[in-house]
Amino acid sequence: MADGNAIKLYDFPSSPNCQRVKVVLAEKKLPYETVPVDLKKGDQKKPDYLKLNPYGKVPVIIDGATVLYESCIINEYLDEKYPEPPLMPKDHAKKAKVRILIDYGMNHLDSPYQKIRMELTKDAKERSQETIDKAKQDLKNLLQRLEREIGEQPYLAGDFSLLDAALIPRFLRMEGMGVLPDPSMPRLSGWLKRMKDRPSVKVIM
């Protein structure tokens, strides 16, 4: 249970960074209240908000006297402070592996993912289908690493972990982009279906 008052989450609902924190809050059944931050109106660049997060991004959480930003760091904090259910392996090597795969999913997939995203924000007649197709293929090539890592496990690191929470917002978007499901990645396609069945993921869908 959160200390005293509920955790505050400074939130923009369609932000994947906010969504991965909401998944962890839901998994741990932690009560929280949302404070809306309208990115379109520039709320995140206002002086009061920049005192909470000098990066001018969402999310921020306030938990008692603790103010934190950066979604993956927030999630590690939540897992350490509120350990039930645990969302990181106890084994040090496995824990490090989770962090490596979070980095892979967040940073190494980012370039082709953002290329598709930027093309899809353009008017249909201005989009380059060639750019989209090339970026999709690049993404599928990079996703083969995660297809191998999951093996026969139900979740990316075995049991449900911060790795699954970190990557699901992006995977839901990749499904919308037509990158997944894909016959070359049956395990990831199965994982995505299992993830969408989890109550914590339904919160962000």
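As a reminder, the structure under discussion sits directly above these lines.
Residues numbered from 1 in each chain as written. Predicted model: local features only at pLDDT ≥ 70, side-chain atom pairs only at ≥ 80, totals over all residues. Heavy atoms only, no water.

**Some details on the pattern of salt bridges**
This is how the line gets drawn: Salt bridge, as applied in this entry: a Lys or Arg side-chain nitrogen positioned within 4 Å of an Asp or Glu carboxyl oxygen. By definition, any uninterrupted DSSP run of H or I lasting at least four residues is a helix, any uninterrupted run of E lasting at least two residues is a strand, and each is numbered from the N terminus. For each residue, the accessible area found with a 1.4 Å probe, counting protein chains only, is set against the maximum for its type, and the residue is called buried under 20%, exposed over 50%, and partly exposed in between.
Throughout the structure, instances matching the rule amount to 16 salt bridges. Note that Arg-99 is salt-bridged to Glu-76, the shortest N-O span being 2.8 Å. Of this pair, Arg-99 sits in helix H4 (residues 92–108) while Glu-76 sits in helix H3 (residues 71–81), placing them 23 residues apart in sequence. Residue classification places Arg-99 among the partly exposed residues on the basis of a relative accessible area of 37%. For the salt bridge of Asp-182 with Lys-140, the shortest nitrogen-to-oxygen distance reads 2.9 Å. Of the two residues, Asp-182 sits in the loop between helix H7 (162–177) and helix H8 (186–197) while Lys-140 sits in helix H6 (residues 129–150), which places them 42 residues apart along the sequence. Lys-140 matches Asp-182 in its accessibility class, with the two residues each being buried. Through salt bridges that share partners, Lys-97, Arg-145 and Glu-149 make up one connected network.

**Some details on the nonpolar core**
One recurring pattern in soluble globular proteins: nonpolar side chains tend to sit buried together. For the record, the criterion: Think of a nonpolar core as a cluster: buried Ala, Val, Leu, Ile, Met, Phe, Trp, Tyr and Cys residues, connected wherever their side-chain atoms sit within 4.5 Å. Should any heavy atoms of two residues lie within 4.5 Å, those residues are counted as being in contact.
Ranked by internal contacts, the top residues of the largest apolar core, which has 50 residues, are Ile-61, Leu-78, Leu-143, Leu-146, Ile-168, Phe-171 and Trp-191. Within the residue set of this core, elements represented by two or more residues are strand S1 (7–11), helix H1 (16–27), H3, H4, helix H5 (110–120), H6, H7 and H8. Per-element accounting of this core gives the leading share, 10 residues, to H7. Excluding residues within four positions of it along the chain, Trp-191 makes contact with Ile-150, Pro-154, Tyr-155, Leu-156, Asp-164, Ile-168 and Phe-171. One finds Phe-12, Tyr-49, Val-60 and Ile-62 within the second-largest nonpolar core, a separate group that totals 9 residues.

**Comments concerning H1**
Defined as follows: Expected span, for any helix, means 1.5 Å times one less than how many residues it has. Polar contact is defined as a pair of N or O atoms within 3.5 Å, subject to the rule that within protein one atom must be able to donate a hydrogen and the other to accept it, and that residues adjacent in sequence are counted only when both atoms are side-chain atoms.
Taking 1.5 Å per residue, 12 residues should reach 16 Å; H1 reaches 17 Å between its end C-alpha atoms and fits that length. Of the residues flanking the start of H1, the one acting as N-cap is Ser-15, its side-chain oxygen 3.2 Å from the backbone nitrogen of Asn-17.

**Structural notes on the packing of aromatic side chains**
Heads up, the condition is: Note on ring pairs: Phe, Tyr and Trp rings are taken, using the six-membered ring of Trp, and paired if centres are within 6.5 Å. Classes follow the plane angle, with under 30 degrees stacked, over 60 edge-to-face and the rest tilted. A positively charged side chain is recorded as over a ring if its NZ (Lys) or CZ (Arg) lies within 6 Å of the ring centre. The angle to the ring normal must also be within 35 degrees.
Under the defined criterion, the tally for this structure stands at 4 aromatic pairs. Ring geometry for Tyr-155 versus Phe-160: centroids 5.7 Å apart, planes at 80°, classification edge-to-face. Arg-198 extends its terminal NZ or CZ atom over the ring of Phe-160, reaching a point 4.1 Å from the ring centre.

**Re the sheet that holds strand S3 (residues 60–63)**
Cut-off, in case you're wondering: Two strands are said to pair when DSSP picks up at least two bridges between them. Axes here mean lines fitted to C-alpha atoms, for a helix over just the part in contact, with angles spanning 0 to 180 degrees between N-to-C directions.
Taken in spatial order, the 4 strands line up as S2-S1-S3-S4 in an open sheet, and their pairing is mixed. With one partner strand each, in any of the chains shown, strand S2 (32–36) and strand S4 (66–69) form the two edges of the open sheet. Across the sheet, the mean angle separating the axes of adjacent strands is 20° when strand polarity is ignored. Across 3 bridges, S1 lies against S3 in antiparallel orientation. Along S3, the bridge assignment pairs Leu-9 with Ile-61. Each of S1, S2 and S3 touches H1; the most contacted strand, S1, lies at about 155° to it.

**Regarding the layout of surface pockets**
What counts here: Here the term cavity refers to a set of points on a 1 Å grid, laid over the protein atoms alone, in which a 1.4 Å probe fits but cannot get out; the term pocket refers to an open set having protein on both sides within 12 Å along at least five of seven lines, with lining residues being those that place an atom within 4 Å of a point. Grid points are joined across faces, edges and corners, and a volume is the space filled by probe spheres set on the points. Residue polarity is assigned by list, with Asp, Glu, Lys and Arg as charged and Ala, Val, Leu, Ile, Met, Phe, Trp, Tyr, Cys and Pro as nonpolar; anything else, Gly included, falls into the polar class.
When its volume is computed, the largest pocket comes out at roughly 870 Å³. The wall of the largest pocket is formed by 28 residues, among which Pro-16, Asn-17, Arg-20, Lys-57 and Met-106 lie closest to the centre. Those elements giving two or more residues to the lining of the largest pocket turn out to be H1, H3, H4, H5 and H7. Ranked by the residues each element gives to the lining of the largest pocket, the list is headed by H4, at 5 residues. Along the lines of polarity and charge, the residues of the lining of the largest pocket split into 10 nonpolar, 8 polar and 10 charged. Forming the boundary of the second largest pocket are 16 residues, of which Pro-89, Lys-94, Val-98, Ala-157 and Asp-159 lie nearest the centre. The greatest single-element share of the lining of the second largest pocket, amounting to 4 residues, is contributed by H4. Partitioning the lining of the second largest pocket into residue classes produces 9 nonpolar, 2 polar and 5 charged.

Honestly, that's just the spatial picture; any functional story needs more than this.
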